[in-house]
Amino acid sequence: PGVEYLGVLDDKAGRKRVTMAIQIPAAFDPKKPCIVVGPSSGSRGVYGAIAVSSEWGLKKGCAVALTDAGKGMGLYDPA
């Protein structure tokens, strides 16, 4: 339970795109904020680090920021 936001940053020239996912658990406490950052390795997509970063951070009430570091296959569209 919580929310997830997907987004893309680019260099405005179309040469570099970075996909990001931000996961905020329902248990997140803004009075004691914590964030875990998980860049994917190699050519994996934005969710490449989900097994480690999200697993650990979300269970502890931390927000999690995932990125493909500009190396992934592009934006994940569940639709």
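Here we summarise the structure given alongside this text. (Residues numbered from 1 in each chain as written. Predicted model: local features only at pLDDT ≥ 70, side-chain atom pairs only at ≥ 80, totals over all residues. Heavy atoms only, no water.)

1. Considering the pattern of salt bridges
In the structure shown here, the tally under the stated rule is one salt bridge. A salt bridge links E55 to K59; its shortest N-O distance comes to 2.5 Å. Here E55 pairs with K59, and both are found in helix α1 (residues 50–59), just four residues apart, close to one helical turn. (Salt bridge = Lys/Arg side-chain N within 4 Å of Asp/Glu carboxyl O. Helix = DSSP H or I, 4+ residues; strand = E, 2+ residues; numbered from the N terminus.)

2. Some remarks on the sheet that holds strand β1 (residues 2–10)
On the basis of which strands lie adjacent, the open sheet formed by four strands has the order β1-β2-β4-β3 and mixed pairing. The sheet is open, and its two edges are formed by β1 and β3 (35–39), each paired on a single side. Ignoring which end each strand starts from, the neighbouring axes of this sheet average 15° apart. Bridge analysis of β3 against strand β4 (residues 63–67) gives five bridges, and the strand direction is parallel. (Pairing = 2+ DSSP bridges. Axes fitted to C-alpha atoms, helices over the stretch in contact; angles between N-to-C directions.)

3. Focus on the nonpolar core
In terms of nonpolar packing, the biggest core is built from seven residues, these being A21, V36, V46, A49, C62, V64 and L66. If we ignore the near neighbours within four places in the chain, the residues touching A49 are G38, P39, S40, S54 and L66. (Core = buried A, V, L, I, M, F, W, Y, C linked by side-chain atoms within 4.5 Å. Buried < 20%, exposed > 50% of the residue type's maximum accessible area, 1.4 Å probe, protein only. Contact = heavy atoms within 4.5 Å.)

4. What about the state of the cysteines?
In the structure shown here, the tally under the stated rule is one disulfide. Across the disulfide, C34 is cross-linked to C62 (sulfur-sulfur distance 2.1 Å). Taking the torsion about the S-S bond as the criterion, the C34 to C62 disulfide, at about -110°, is left-handed. Of this pair, C34 sits in the loop between β2 (17–25) and β3 while C62 is found in the loop between α1 and β4, placing the two residues 28 residues apart along the sequence. Of the residues examined, C34 reaches a relative accessible area of 27% and is grouped as partly exposed. Overall, C62 belongs to the buried group, its relative accessible area being 5%. (Disulfide = S-S within 2.5 Å.)

5. Topic: the side chain of Q23
In this fold, Q23 is placed in strand β2. Accessibility expressed as a relative area gives 7% for Q23, which makes it buried. Here the side chain of Q23 touches E4 through a polar contact of 2.9 Å, side chain to side chain. (Polar contact = N/O pair within 3.5 Å; in protein donor to acceptor, adjacent residues only side chain to side chain.)

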